[in-house]
Every structure is written in structure tokens, then in C-alpha cells.
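Listed below, chain by chain, are the residues.
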Amino acid sequence: MASLQLTGLTKFYGKRRGVENVSLDIPDQEFLTVFGPAGAGKTTTLNLIAGIVTPNQGSVRIGTRVVDSLEPADRNVAMVFESYALYPQLTVYQNMVFPLKSPKHRLPAQEAERRVHHFAGMLKIDHLLNRPIQALSNGQRQRTALGRALVRQPDLFLMDEPLSHLDAKLRHSMRAELKEMRDQLGTTTIYVTHDYLEAMSLGDRVAVINHGQILQLGAPDEVYFRPATVEVAQLFGDPEINIVEAKIQRKHREAIRLQMLGEDWSASVPEDIGRMLDALSSDTIQVGFRPADVEIAADGKTGFHGVVYSFEPLGTKSVLTIDSVGGQRVRALVDGHRTFQVDRRVNFSVSTRALIFFDRDNARYLARSSQTEEEYSHG
Amino acid sequence: MIQRTRSPLAVIGKTIQMILLLAYALFALFPLLWMVIMSIKPDSQMLTTTFIFTPTLENYGTVLHSDYTRFFFNNLIVSVAAVLVSLVVGVPAAYALARFQFKLKEDIAFTILSFRFAPEILVILPLYLIYQRLGLYDTYLGLIWVYQLITLPLLIWILRGFFEDISPDIEAAAQLDGYSWWRVFLQVLLPLVKPGLVAAGLLCFIFAWNAFTFPLLLANNVQTSTVIALRYLASDTVHYGQVAAAAAISALPEVILALLIQKHLVRGLSFGAVKG
């Protein structure tokens, strides 16, 4: 067990940027999820920590050791590869016990066997232990790869999308298992995923990364409710957050009037936020609101107006896409029992407590209309 | 119970297939068979084309009691050593060409392959002169060295494909599991390329064993059996029976080796070519 510190890690593959100037400070026993879309630099970050890839610049410290000049074998980290990287000539058992037979991490044979059986049981692959790798499904291979890392007691776990190839049901149960294991083992873990739900449910903190740079680092709630940039807001949540441009029509202490979606709308925001918006040099901002905060009104008059563009029922919820009067598309999450005809006229309102304001020019977070998450969720 | 009944058409198809395969096998094996038959024929009946003759082991006796055995072992020493040297040099070379990015990588790989393009006869004259000067003429070392022209390109190019098929992640995983690079190479990578290693090794051995031009001109006392079989073709008489017996003996190591490792061989020859 150990803390982890990355300082200014930079890696270019030729001219292509892997990661640039990544700095992270991860205390002992933290479970950090690294979240980003494909090609964001997540795997490169893990490879740099593991020592598989050498950085152009920057430094990695595990615990009190600076490991920059150490071989991967000497860094005492265990990694789960996205490609599994299992030894195809060996069986499941032999794969899992392989690290425990190495010169560096050798355990007594009995103890090694006990650990393999323990984790194989946890991963529900104990009935497959004597199978060759070729005879496994992708999900079983992935669990074997996870097991090979878990049997060790390293300073650091590095997990590269360890659940991505499991079917939805198994993924949910494995997520719960991992969560429990996280609390039991207490080993510092860097967990890479492109699934925002996984990132939020597993991580003590979430690092959002894209284009090789860390966009935001914070607790799951923080990243979700106070995204540092429009991009972060767009990466979290499905369906995606609505981002629209809004003109601040009349600046006033308590209530501001926004012109957005082609209509005038008075939204009351707390005093300090109103003042902050007053102080902006530009009178245009970007406003974000989640699809769940869009309410389809029944009376056909109040709020914003639009036409139903598409309607996707998803069981308990449905996704409604609306062409607003102003031309922008707005996504809304509505109750599953309501149905909407395409091209039907609808009107909708947006919860004033749920607005997130971004700077128009640099897309950075300015403020959100409710002060606290509690206020938002209970209010 | 479900009884599987084959349609008459399928049976006929199967039969035709078998007949064709059998015909091809006969066609391919006939020279070998003819060689064996010739080796047990007396000289007087050598030129008859019927299969009726009085079998004799006299030819084998003559060949085995001559110094042919010495040349046979010469060939064995030179060929085995050449393959071993090629393995020691070629496996790391194939690995490097598969894994690392360096300048002129493809050019180097192609140059190695191009040693196989030129007929041996094209370079034999300068090689002969150089060997005379360096004192490599008529030595084991000289032959083993020049055989690398035959065996090394083959080995490198076959094994390169096998190494390319192994994901670099597997190497990284084994290193993270606590193994040094050398142990990763020996314990993880070598077992994975074993089929290729076996197939390439055997092919190299066959090519080295059958080498003719190089030993003919670069060796004398340490001559190999391939070349020595020539001497039964004297200017006055031709002892076809003895040539055949010598050739049959000469073919033995290849046949035995191929039978021993045939399980790996088939897999090896088909495995490297197909990418998953």
C-alpha cells in the first residue's frame, strides 16, 4: 500500500500526444477512477505509472520511492490490461498463480493456491480453473486477468477497463464486488474506464481526462454537479447534458432574465451568482441543464416551446428530443408511461435550480444556480 | 438414437477425393520409392524397368564400409551446428525486427532476406578466394559460417511473424508479474513461438543438409555426404545402386527428424501465416 504522485508526466508518440503535463496526487488507499473517451490518454497514463512506457518528461513516485529508473518488475504494481494479456499457453489456474511463482512475489505453494481459489471464487471462475485460455469467453478471460492482478498484494492496482467486456448483468454484480473488495483490501487503485457510471460509483475521486490532459479532478458529485468545463459536463450523463447559449437580458440583483432557446425566460438565481453574472464582460453565457431537469408541461402554454423531433422509450424512462423555437435541440428525460408523437407541439420548462453556467468563450465553469448538491436533490 | 445416413452422392464424392489424394501421394512418393528399390538392386539388373529383381543389400554394404560414414557425420556436424548458430543469432534478431522500431528496420530485414535471392554459384568464386586467404577453406567453421547464408534468413523471417503475433501487453504483464526481461523471454515468449521455432529449425536443417554448391567448392576433407554421393558416378562406370544407397542413408536424418516433430511442424507452418 502506498500513495502515488505524478508530476508533469508527458508522453508524445512521435507527434501524437499521449498525455501532456499530467500531475496527480493520490493518497494511500484511495480508489481513483480515470474517466475519459477513447483515445483520451487513459491507458498511456497507466502504462507510464507501470513503467511499460517511458515518459518524455515528468516523474512518478510510489510511496516514498521515485520509480522513474525502475523496471516494471521492480515497481510492485499489479495491472489489469484491457487486452487481458493472458498467457495463452497456460490454464486459468496457471495464469492466476503465475505472479505468485515469480522471483519477486513468490509465495509458499499452499498460500498461493489458497489465494487463487479465493479470488477465483469471488470472480466466479472457480469452475474454470483447469480450462485453457482459448476455451474461455471474453468475459471469462477478463475475469481471469482481473484475478491474476488481485492475487497479489501490490503497492498499487492499475486497472484498464477491467469490466468492459462483461455483459451488463455481470458488470453490475462485478462492480458491486469490486466496491466491496476496495473497502476490504484498501489498496491504492487507479481504475480506468470510459463508463461514467462506473467512474462515479467506484471512485473516491474521479479524474476526467481528454486529449491527454486532465480536465478535472474531484469527488464524483463534484465532477457531476460542478463540471469544470462544458466538455466535462458533456462527458458525464446519458443522455448528454443540454448546453445552450443564453443572453443575459436584464441584469438585476435577484432575478435575471435570460434569452435562450429563442424565448425570454426569467430565472431567479441566488444573489451572489446574479452579481457574478453582472460582473461578466460579455452578456452571453452558456447554460447547461441535464435532460432529467427538463419538465414537459401539460398546459401547452408556459415555458419554452418546441416540436418533438424523436422519442425513444427506454422502459422506466424515455428520451425525448425536442426542436426548440430557437432552433437548438433539447433532450429531455421523461417518465416511461408517457408517450409522445413525433412532430407534436410541446412546451417544457427547465428547473431553475439545476442550471450550470459556463463562460461563453473559454467554456469554463462559472457557477450553478443552486448552492449545494443537497439543495438540488432535495429541494 | 439418431442414425447418420450419408447420401450416395456424398459417398461417391468422398471416394473420388480419396482416389485423387492417393494418386497424388503415389506421384509424390514414387521417386523416393524408386530410390529405395534401386538401392537394393544388383548392378546387373539396374536398368530393367520391371519390378522383378533379386534383392540385395550389397550396395548398402559397400557404402557403409567405405568412408561414406565419415562424410555422413561431417554433414551432421556442420548442419546441426549451422542450425544451432542460426537459432542463437536468429531468435534475438527476429524478436528485434518484430518488436522494436529503429531506423532502416525494413531495409535490414529485406537485406537479410535477399541473401536467399542470389544463386550460390554467383558468389562462390569470391567466397572461395576469401576462404583460401583466411584459412577457412576446408574447415568446419568455414562451412558452418557460410551455411548461415542459407539458414539464417529463413529462420529470421519465419520467427519474426511469430513474434509479431504476440501482443506486447503479454510481455508487459509478465514483467509486472515480477519476472525479469530474460525470464519473460525464456518462460513466456519462447513457449509461445515454439511451433515456429520447430518448423523453422527443421526447414533450416533440411536446407543445410542438402546444401551442395558451398561444400562442393569450399570443402575437401571435411566434405559432406551430399557432395560425396557424386563419386559413385565415375567416368567409366556408374554405380547407380551405390548412389541410391548413399542417398537413402542420407535421407534418413531428415525423415526421422520430421517424424519426431511432425506434430509441431504442421501447426508451425500454418500458424504463423494466419493472423488472428
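Here is what the cut-offs are and how they apply
- Each chain carries its own residue numbering, running from 1 in the written order of its sequence.
- Throughout, the order in which chains and ligands are written sets their labels, letters from A for the former and numbers from 1 for the latter.
- This being a predicted model, a pLDDT of at least 70 is required before a residue's local features are given, and a value of 80 or more before pairs of side-chain atoms are given or counted; all residues contribute to the totals for chains, interfaces and linings.
- Calculation of side-chain values draws on the structure's entire complement of heavy atoms; hydrogens and water are dropped beforehand.
- Every helix listed is a DSSP run of H or I at least four residues long, and every strand listed is a run of E at least two residues long, numbered separately from the N terminus.
- For each residue, the accessible area found with a 1.4 Å probe, counting protein chains only, is set against the maximum for its type, and the residue is called buried under 20%, exposed over 50%, and partly exposed in between.
- Contacts are assigned to residue pairs with any non-hydrogen atoms lying within 4.5 Å of each other.
- Surface accessibility in these figures is a Shrake-Rupley result with a 1.4 Å probe; residues are shielded only by whichever protein chains are displayed.
- Under the counting rule used here, the positive set is Lys and Arg, the negative set is Asp and Glu, and His together with the chain ends is not counted.
- Just so you know, the charge point we use is NZ for Lys, CZ for Arg, CG for Asp and CD for Glu.
- Atoms counted for the radius of gyration: C-alpha only. Globule rule: 2.2 Å times the number of residues to the power 0.38.
- Two strands pair under a simple rule: DSSP has to find at least two bridges between them.
- Definition of nonpolar core: a set of buried residues of the types Ala, Val, Leu, Ile, Met, Phe, Trp, Tyr and Cys, connected through side-chain atoms within 4.5 Å.
- Working definition: rings of Phe, Tyr and Trp (its six-membered ring) pair if their centres are within 6.5 Å, and the pair is stacked with planes under 30 degrees apart, edge-to-face with planes over 60 apart, and tilted otherwise.
- In this scheme, Lys NZ or Arg CZ marks a charge over a ring once it lies within 6 Å of the ring centre and within 35 degrees of the ring normal.
- In this analysis an axis means a line fitted to C-alpha atoms, helices contributing only their contacting stretch, and an angle means the value between N-to-C directions, from 0 to 180 degrees.
- Each helix should span, by expectation, one fewer than its residue count multiplied by 1.5 Å.
- Each direction from the helix axis to a C-beta atom contributes to the arc, which is the arc of those directions.
- Buried area, as used here, totals the accessible surface that two parts lose on assembly, with accessibility defined by a 1.4 Å probe and the loss added over both.
- A side-chain nitrogen of Lys or Arg and a carboxyl oxygen of Asp or Glu constitute a salt bridge if their distance falls within 4 Å.
- Per-residue confidence from the predictor is reported as pLDDT, which spans 0 to 100.

Colleague: What is the right way to read the overall build of chain A from this model?
Modeller: Within chain A one finds ten helices and 21 strands. With the C-alpha coordinates aligned to their principal axes, the bounding extent of chain A is approximately 75 × 45 × 40 Å. Relative to its 379 residues, chain A shows a buried fraction of 52%. For chain A, the share of sequence-separated contacts (at least 6 apart) that also reach a separation of at least 24 residues comes to 65%. Surface accessibility of chain A: about 16,900 Å² in total, with carbon and sulfur atoms responsible for 47%. Distance between charge centroids for chain A: 4 Å, based on 44 positive and 46 negative side chains.

Colleague: Quick question: what am I supposed to make of the overall build of chain B here?
Modeller: When helices and strands are tallied, chain B shows twelve helices and zero strands. Reading chain B from its N end, one meets helices and strands in the order α-α-α-α-α-α-α-α-α-α-α-α. A compact globule built from 276 residues should have a C-alpha radius of gyration of about 19 Å, whereas chain B, at 24 Å, is more than 25% larger. Reported as C-alpha extents along the three principal axes, the dimensions of chain B are approximately 80 × 70 × 30 Å. Within chain B, the fraction of its 276 residues that count as buried is 41%. In chain B, 75% of the contacts between residues at least 6 apart in sequence involve partners at least 24 apart. Once the 17 positive and 14 negative side-chain charges of chain B are each reduced to a mean point, those two points are 9 Å apart.

Colleague: It is not clear to me how the pairing of strand E2 (residues 16-26) of chain A should be interpreted in this structure. Could you clarify?
Modeller: Residues in a regular strand project their side chains so that they alternate between the two faces of the sheet. All names here are of chain A. Strand direction decides the pairing type here: strand E1 (residues 4-13) and E2, joined by seven bridges, are antiparallel. Looking across to E2, one finds that Leu6 is bridged to Leu24. Between E1 and E2, which follow one another and run antiparallel, lie two residues, and Gly14 among them has a positive phi close to 65°.

Colleague: Looking at this model, I keep getting lost on the nonpolar core. Mind explaining?
Modeller: Ranked by size, the top nonpolar core spans 79 residues in total, and within it Leu4, Leu158 and Ile190 of chain A together with Phe163 of chain B carry the most contacts. Take this core: its biggest share by element is ten residues, from helix H8 (residues 181-210) of chain B.

Colleague: So what exactly am I meant to see when it comes to the packing of aromatic side chains here?
Modeller: Geometrically, a pair of aromatic rings is defined through the distance of the ring centres and the angle of the planes. Tallied over the full model, the rule gives 25 aromatic pairs over all chains. Through successive ring pairs, a cluster of aromatic residues spans Tyr95, Phe100, Phe163, Trp181, Trp182 and Phe185 of chain B. Of note, Arg182 of chain A hangs over the ring of Phe31 of chain A, and the distance from its end group to the ring centre comes to 5.7 Å. Over the face of the ring belonging to Trp157 of chain B we find Arg160 of chain B, whose NZ or CZ atom lies 5.4 Å from the ring centre.

Colleague: Teacher, can you tell me more about the sheet that holds strand E7 (residues 156-160) of chain A here?
Modeller: Strand pairing in a sheet relies on backbone hydrogen bonds, with the paired strands running either antiparallel or parallel. Residues and elements named next belong to chain A. The strand order E6-E7-E8-E3-E9-E10 describes an open sheet built from six strands, whose pairing is mixed. With one partner strand each, in any of the chains shown, strand E6 (77-80) and strand E10 (213-218) form the two edges of the open sheet. In this sheet, adjacent strand axes meet at a mean angle of 15° when their direction is disregarded. Pairing between strand E3 (residues 31-35) and strand E9 (residues 205-210): four bridges, direction parallel. Within the sheet, the bridge partner assigned to Val34 lies in E9 and is Ala207. The strands touched by helix H1 (residues 42-50) are E3, E6, E7, strand E8 (188-193) and E9; relative to E7, the strand with the most contacts, the crossing angle is about 150°.

Colleague: How should I be thinking about helix H5 (residues 168-185) of chain A in this particular structure?
Modeller: One full turn of an α-helix is made of 3.6 residues, so residues set three or four places apart face in the same direction. Residue and element names in this part refer to chain A. Taking 1.5 Å as the rise per residue, H5 with 18 residues should run 26 Å; its terminal C-alpha atoms sit 25 Å apart, in good agreement. Those residues of H5 lying buried are Leu170, Met174, Arg175, Leu178, Met181 and Arg182. The buried residues of H5 occupy an angular sector of 140° when projected down its axis, which confines them to one face. Opposite its buried face, H5 presents the exposed residues Lys169, Asp183 and Gln184, each directed more than 90 degrees away. Residues of H5 that are buried in the fold lie against E3, helix H3 (109-122), helix H4 (138-150), E8 and helix H6 (196-202). Looking at the residues trailing H5, positive phi occurs at Gly186, about 65°.

Colleague: Sorry if this is basic, but what is going on with the interface of chain B and chain A here?
Modeller: Interface size is commonly expressed as the accessible area that is lost once the parts come together. Listed by partner, the interface residues are 16 residues for chain B and 23 residues for chain A. With both sides pooled, the region where chain B packs onto chain A buries about 1,600 Å², and carbon together with sulfur makes up 63% of that total. When the area that chain B buries against chain A is broken down by residue, the three leading residues are Leu176, Asp177 and Tyr179 of chain B, summing to 40%. Counting across the interface, chain B meets chain A through one salt bridge. Here Asp177 of chain B makes a salt bridge to Arg148 of chain A, at a shortest N to O gap of 3.8 Å.

Colleague: I tried to follow the confidence of the model for chain A on my own but got confused; where do I start?
Modeller: Where the model shows low pLDDT, its predicted coordinates should not be examined in detail. The share of residues in chain A with pLDDT of 70 or more is 95%, and the mean pLDDT across the chain is 87. Low pLDDT, under 50, characterises residues 375-379 of chain A; the predicted model gives this stretch ten contacts beyond four residues in sequence or across chains.

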